[in-house]
Amino acid sequence: MSTISNVDQVLAEMRRLVSVAQGSGIEAGTAQKGDADFASLLKQSVNQVNEMQQSATRLSTAFSAGDPNVDVAQVMVALQKAGVAFQAMTEVRNLLISAYHDVMSMHAS
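Residues numbered from 1 in each chain as written. Predicted model: local features only at pLDDT ≥ 70, side-chain atom pairs only at ≥ 80, totals over all residues. Heavy atoms only, no water.

Focus on the overall build of the protein
Rule in force here: Only DSSP runs of H or I with at least four residues qualify as helices, and only runs of E with at least two residues qualify as strands; both kinds are numbered from the N terminus onward. By the convention used here, residues are in contact when the closest approach between their heavy atoms is within 4.5 Å. Per-residue and other accessible areas follow the Shrake-Rupley method at a 1.4 Å probe size, with only the shown protein chains counted as cover for residues.
The helix and strand tally for the protein stands at 3 helices and 0 strands. Restricting the contact set of the protein to residue pairs at least 6 apart, pairs at least 24 apart contribute 59%. Counting only carbon and sulfur atoms, one obtains 60% of the accessible surface of the protein, whose full area is about 7400 Å².

Some details on the pattern of salt bridges
As a reminder, the rule being used: The working definition used for a salt bridge is a side-chain nitrogen of Lys or Arg within 4 Å of a carboxyl oxygen of Asp or Glu.
Scanning the entire structure with this criterion turns up 1 salt bridge. Between Glu51 and Arg58 there is a salt bridge whose closest N-O contact spans 2.8 Å.

Focus on a nonpolar patch on the surface
As a reminder of what qualifies: Here, patches come from residues exposed beyond 30% relative accessible area and free of salt bridges, joined within 9 Å for like charges and within 5 Å for nonpolar side chains (Val, Leu, Ile, Met, Phe, Trp, Tyr). With a 1.4 Å probe rolled over the protein chains alone, any residue whose accessible area is under 20% of its type maximum counts as buried; one over 50% counts as exposed, and the rest are partly exposed.
Among the surface-exposed residues, Phe63, Val72, Met76 and Leu79 lie close enough to one another that they form a single nonpolar patch of about 340 Å² accessible area. No other element matches the 3 residues that helix α3 (residues 72–108) contributes to the nonpolar patch. In this structure Val72 comes out as partly exposed when scored by relative accessible area, which is 47%.

Some details on the environment of Ser60
As for its placement among the helices and strands, Ser60 is situated in helix α2 (residues 28–64). The class of Ser60 is partly exposed, set by a relative accessible area of 26%. Expressed as a C-alpha distance, the spacing of Ser60 and Gln74, which sit 14 residues apart in the sequence, is 8.8 Å.

Here we look at the confidence of the model for the protein
In plain terms, the rule: Here pLDDT means the predictor's own confidence in every residue, given as a number from 0 to 100.
Mean pLDDT over the protein stands at 80; residues scoring 70 or higher make up 66%. Throughout residues 24–31 the model reports pLDDT below 50, and contacts reaching past four residues in sequence, or to other chains, amount to 7 contacts.

What follows is the structure in structure tokens.
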């Protein structure tokens, strides 16, 4: 569930950045601090998705090796969570690219 809240935070930050790009009156110093926060948030989200995928891989490997402490339900849930988190991250990336193109087209006008 923390991944969904992270996605919401990233989307909120994207909206703020677009408003800064459109000149909504937010000071430049605030935008610079926001940029660092955004980069940090994005990096943290990518790291969380990576950790989820690595954890799912470890569970899958342990189950395949016959570890009695790992059952198939744990493996399936971990794999599904990692898959959903990756899909969400991919959607955020697509939104970021779209926002970048929007900002660039506003700049070119």
